[in-house]
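Notes for the structure review
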Amino acid sequence: MGNYTTYQDRKTPRICIIGAGFSGLTAGIQLKRKLGLTSFTIYDENTDIGGTWYRNNYPGCACDIPSHLYSWSFEQNPNWTTKFASSSEILEYMKMVTQKYSLYPHIKFQTLVTETLWNELIKTWKITLTNTQTGFVKTVQFDIVITGTGLLKNPNIPVEFKPFQGTIFHSAQWDSSVNLSNKIVGVVGSG
């Protein structure tokens, strides 16, 4: 595919994609497949791709719809091992597709997008990035921003739970070091 130029000055757009879950990866893949563009960077605060499927690793975590429906339309997976695939199987599928479409070189891990500001004068986005390991902050400019952050990214633990004296954690931040044997466990929510 040719290099598309859609801007008056004939340059290739600089594209920022926020998130390396299904949405962000889809954006990167389709920019390559449909438009022949490779001038994008995907930023994700985690250490690998997957979004929700990377973060959620609690026992029994699985897709709640039939697995064959939970595939990219352009990259169907006929090899799901169960009707409702586990989070680890979904994550492996996502990694395989990410490698197939050579997205890893476009991804900056452990990088949190902390601010996006549109500059009307120069018609660009100013993006503020923070390295989650070092705390280093920098700003970069992009012509286009695509947000691929999911709804299940930020766990919500109600403030009313603060006085609770026992161990408390959200399923999106599962603490596998906690031994739940012979414990009374309360589960709040069914989301």
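Preceding block: the structure.
These remarks concern the structure in this document. Here the residue index of a chain counts from 1 through its sequence in written order. Totals for whole chains, interfaces and linings use every residue, but because this is a predicted model, local features are given only for residues with pLDDT of at least 70 and side-chain atom pairs only at 80 or more, for both listing and counting. For the side-chain quantities, the full set of heavy atoms in the structure was used; hydrogens and water were omitted.

1. What to know about the overall build of the protein chain
Defined as follows: Numbering of helices and strands runs from the N terminus, with a helix taken as a DSSP run of H or I at least four residues long and a strand as a DSSP run of E at least two residues long. The cut-offs for exposure are 20% and 50% of the maximum accessible area for each residue type, with area from a 1.4 Å probe on protein chains only; residues under the lower value are buried, those over the upper are exposed, and the others partly exposed. Two residues form a contact once any of their heavy atoms are found within 4.5 Å.
When its secondary structure is counted, the protein chain shows 3 helices and 7 strands. In sequence order, the secondary structure elements of the protein chain are arranged as β-α-β-α-α-β-β-β-β-β. Its C-alpha atoms put the protein chain at 65 × 45 × 25 Å along the principal axes. Expressed as a percentage of its 191 residues, the buried residues of the protein chain come to 35%. A fraction of 53% describes how many contacts in the protein chain between residues 6 or more apart in sequence connect residues 24 or more apart.

2. A short note on the state of the cysteines
Note the cut-off: The criterion for a disulfide is a pair of cysteine sulfur atoms lying within 2.5 Å.
Per the counting criterion, the structure on display carries 0 disulfides. Distance from the sulfur of C61, which forms no disulfide, to the nearest cysteine sulfur (C63) is 9.3 Å.

3. Looking at a nonpolar patch on the surface
The condition is simple: Any residue with relative accessible area above 30% and no salt bridge may belong to a patch, with like charges joined within 9 Å and the nonpolar Val, Leu, Ile, Met, Phe, Trp and Tyr side chains within 5 Å. The accessible surface values rely on the Shrake-Rupley method and a 1.4 Å probe; as for residues, cover is taken only from the protein chains in view. Each reported salt bridge corresponds to a side-chain nitrogen of Lys or Arg within 4 Å of a carboxyl oxygen of Asp or Glu.
Residues I157, F164 and I168 make up a contiguous nonpolar surface patch of roughly 270 Å² in combined accessible area. What makes I168 partly exposed here is its relative accessible area of 38%.

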